[in-house]
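# Structural characterization, general
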Amino acid sequence: ENVNKKLEKILKIGSLPPLFTTLRVNNLHLERKHAIKLIQEAIDEEERTGLKFEVKNHPELNDCIIIQNFGPFNVDTVTEEIIVDHSCGMSVLRGSDIYSTGILSMSPYVKVGDLVSVYVDVENKCRRGLLTKDFHGKKFFIGNGVAMVTRAAVFCTGNNKLKGIGVRMSECIYRSPQLYDLLPSLIHPQNLPSIICVHVLNPSSDDLVLDMCAAPGGKTSHIATLMGNKGCVVALDKNRNKTETVKRHLEKWNISNVQVHHCDSSKNARQRNAKILKFKRESFDKILLDAPCSGLGQRPSIINDITSSQLSSYPQLQMQLFETAVQLLKKGGTMVYSTCTTNIYENESITAWALQKFKNLKLVKQDPHLGSSGWIVEGLTEEQTRLLQRFDPSILLDHDNDDDLQDHHQDNEDYYYLHHSERYDIDTIGFFIAKFTKL
Ligand SMILES: C[S@@+](CC[C@H](N)C(=O)[O-])C[C@H]1O[C@@H](n2cnc3c(N)ncnc32)[C@H](O)[C@@H]1O
């Protein structure tokens, strides 16, 4: 009964966007107070919702900025419709406009400048180019916007998909400031636990650091920045295209202490095209293993179509990567293992397995520790779970009236209330961090 209730809360909170946007500042090139001023000015100028977004310091992280968002709002639908894919819908709920590539279906006579209601294709069933009246699958309303393109322009451009903004959002059920492409070399939108994760690793300027699963590179640039663009970071990813994304991001940030390689970081490399680089055993001072995972902590996520076999495949891969990490870590070195999932089998159970298998590994205290403790599993003592850091936004829904979990997309005053208190350290994506030292 309790487990089901917890699961219900995890799914419910997972379907909502966090109501805080967090940004990391490139403090090698810009002081945070100047960044705050520039961002506030840009938001005030762009603002179309009539809401006042306040840009603030994170009180404990010297490179982090927080902006509180608003929602949910009741928005009336209009006759003209468009349907967008899931990932586009999720970006809209976090403040984005709609790019034409995300549009799946559109009413036939929409003209540029018309107001349209925007829906997400919940079950991934809408064929691209379908007329909205012919789509009978589940769809979820996320707000209204102004069409910048016609149906013909979106769907009749041959093989080249139309690029650029297709619908400019005017009233979303959740409202966040428009930040994309704002000062891309100086600020990076990043979820709070991801920022905390690299502070926990705490790299310094004379370290040799390995980032085993680096793409798209958010944590890599953070590691490099904390090292003052000195020392050396080796950043690996098994996906070649994604390593190019990492390189572009680092170039934008003017970072020169990172070597990026296309490489399979697991011991038993099976991916055919990824090179396997040989590093000397016990050569790295610090290692980040931000592991591939089931992503169950990602928010918002209206659907989750992960299969149980996909879900159960992750621990195996995580253990392989973990073994490589332990081999490559120096004695006395530090390793951080992290995931963006709430799945205990990819988090606490991997930690328990690692402590059992590698007797020279020890869990150590994390600083900062803003999340809650880990969950208790076989093989971990209570004291050890207190050294783990788990971000579990479902605790926002832990209040006395558990039986009355209403649909937040209606008129959920409880939810609205919760979000208007200062809960930025809880209203995050789901995330897990374990920090080890090698004896
Ligand atoms: C959670 S994401 C990493 C996010 C990244 N650390 C960041 O903060 O931007 C996991 C990454 O692991 C990569 N990956 C998966 N299996 C891998 C392997 N065997 N070796 C190296 N990278 C792998 C994926 O391509 C993916 O980019």
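Residues numbered from 1 in each chain as written. Predicted model: local features only at pLDDT ≥ 70, side-chain atom pairs only at ≥ 80, totals over all residues. Heavy atoms only, no water.

## A look at the overall build of the chain
On a plain count of helices and strands, the chain comes out with 11 helices and 19 strands. Over its C-alpha trace the chain gives a radius of gyration of 22 Å, about what one expects of a compact globule, namely 22 Å for 439 residues. Each of the three principal axes of the chain carries a C-alpha extent, and together these read 65 × 50 × 45 Å. Burial status across the chain gives 54% buried among its 439 residues. (Helix = DSSP H or I, 4+ residues; strand = E, 2+ residues; numbered from the N terminus. Rg over C-alpha atoms; globule rule 2.2 N^0.38 Å. Buried < 20%, exposed > 50% of the residue type's maximum accessible area, 1.4 Å probe, protein only.)

## Some details on the layout of surface pockets
Roughly 550 Å³ of volume is contained in the second largest pocket. In terms of lining residues, the second largest pocket is bounded by 26 residues, among which Leu7, Ile10, Leu11, Leu296 and Thr342 are the most central. Top contributing element to the lining of the second largest pocket by residue count: helix H1 (residues 2-14), with seven residues. (1 Å grid on protein atoms, 1.4 Å probe; cavity = no way out; pocket = protein on both sides within 12 Å on 5 of 7 lines; lining within 4 Å. Points joined across faces, edges and corners; volume = space filled by probe spheres on them.)

## As for the domain arrangement of the chain
When its domains are assigned, the chain resolves into domain 1 (20-68), domain 2 (81-172) and domain 3 (191-438). Here the C-alpha centroids of domain 1 and domain 2 sit 30 Å apart. (Domains from an automatic or database assignment.)

## Considerations on the packing of aromatic side chains
Applying the stated criterion to the full structure yields eight aromatic pairs. When the centroid spacing of 5.5 Å and the interplanar angle of 40° are considered together, the rings of phenylalanine 322 and tyrosine 337 count as tilted. Note that phenylalanine 322 is positioned in helix H8 (residues 308-328) and tyrosine 337 in strand E16 (residues 329-339), a separation of 15 residues in sequence. Accessibility classification places phenylalanine 322 together with tyrosine 337 in one group, the buried group. On the basis of an interplanar angle of 85° and a centroid distance of 5.8 Å, the ring pair of phenylalanine 322 and tryptophan 353 is categorised as edge-to-face. Taken together, the residues span a long stretch of sequence, with phenylalanine 322 in helix H8 and tryptophan 353 in helix H9 (residues 348-357) at a distance of 31 residues. (Phe/Tyr/Trp six-rings, centres within 6.5 Å; stacked < 30°, edge-to-face > 60°.)

## Concerning the pairing of strand E13 (residues 232-237)
Among the six residues that make up E13, five are buried, leaving the element largely enclosed by the rest of the structure. Pairing between E13 and strand E14 (residues 258-262): five bridges, direction parallel. Bridging across to E14, alanine 235 finds its partner in valine 260. Assessed by its sense of winding, the connection that carries the chain from E13 through helix H7 (residues 240-252) to E14 is right-handed. (Pairing = 2+ DSSP bridges. Right-handed = clockwise from strand over helix to strand, strands pointing away.)

## So, the site of the ligand
The environment of the ligand is made up of 20 residues, and the closest members are Cys213, Asp237, Asp264, Ser265 and Asp290. Proline 216 places a main-chain nitrogen or oxygen 3.4 Å from an oxygen atom of the ligand. Considered on its own, the ligand offers 600 Å² of accessible surface; in the complex 89% of this is hidden by protein. (Near = heavy atom within 4 Å. Polar contact = N/O pair within 3.5 Å; in protein donor to acceptor, adjacent residues only side chain to side chain. Areas by Shrake-Rupley, 256 points an atom, 1.4 Å probe, with all protein chains shown as cover.)

## Points about the nonpolar core
Ranked by internal contacts, the top residues of the largest apolar core, which has 39 residues, are Ile82, Ile98, Ile103, Met106, Val118 and Val167. Here this core spans two domains, and each of domain 2 (81-172) and domain 3 (191-438) adds at least three residues to it. In this view, isoleucine 103 contacts Ile82, Ile83, Val84, Ile98, Arg128, Val154, Phe155, Gly166 and Val167; residues no more than four positions away in its chain are not counted. Counting 32 residues, the second-largest nonpolar core is a separate cluster that includes Leu61, Ala214, Ala224 and Leu250. (Core = buried A, V, L, I, M, F, W, Y, C linked by side-chain atoms within 4.5 Å. Contact = heavy atoms within 4.5 Å.)

## What to know about H8
With 21 residues, H8 ought to run about 30 Å at 1.5 Å a step, and its terminal C-alpha atoms sit 32 Å apart, in line with that. For H8, the full list of buried residues reads Pro315, Gln318, Gln320, Leu321, Phe322, Thr324, Ala325, Val326 and Leu328. Buried residues along H8 sit in contact with strand E12 (208-211), strand E15 (284-290), E16, H9, strand E17 (361-363) and strand E19 (431-438). (Expected span 1.5 Å × (residues − 1).)

## Concerning the pattern of salt bridges
In this structure the tally under the stated criterion is 17 salt bridges. The shortest N-O distance in the salt bridge between aspartate 114 and lysine 111 comes to 3.8 Å. Residue classification places aspartate 114 among the buried residues on the basis of a relative accessible area of 18%. Under the relative-accessibility criterion, lysine 111 is labelled exposed at 53%. Notably, a salt bridge pairs lysine 330 with aspartate 285, separated by 2.8 Å at the nearest N-O pair. Of this pair, lysine 330 sits in strand E16 while aspartate 285 sits in strand E15, and the two are 45 residues apart along the sequence. You can call aspartate 285 buried: its relative accessible area is 18%. Residues participating in the shared-partner salt-bridge network are Glu282, Lys331 and Lys438. (Salt bridge = Lys/Arg side-chain N within 4 Å of Asp/Glu carboxyl O.)

## Things to note about the sheet that holds strand E10 (residues 165-172)
Strand pairing in a sheet takes place through backbone hydrogen bonds and is either antiparallel or parallel in direction. Strand order in the open sheet made by the seven strands is E5-E10-E9-E7-E4-E6-E8, with mixed pairing throughout. In the strand order of this sheet, the two ends are held by strand E5 (98-99) and strand E8 (130-131), each with one partner. As defined by bridge partners, strand E7 (residues 115-121) adjoins strand E9 (residues 139-147) across seven bridges and the pair is classed as antiparallel. Along E9, the bridge assignment pairs leucine 115 with valine 146.

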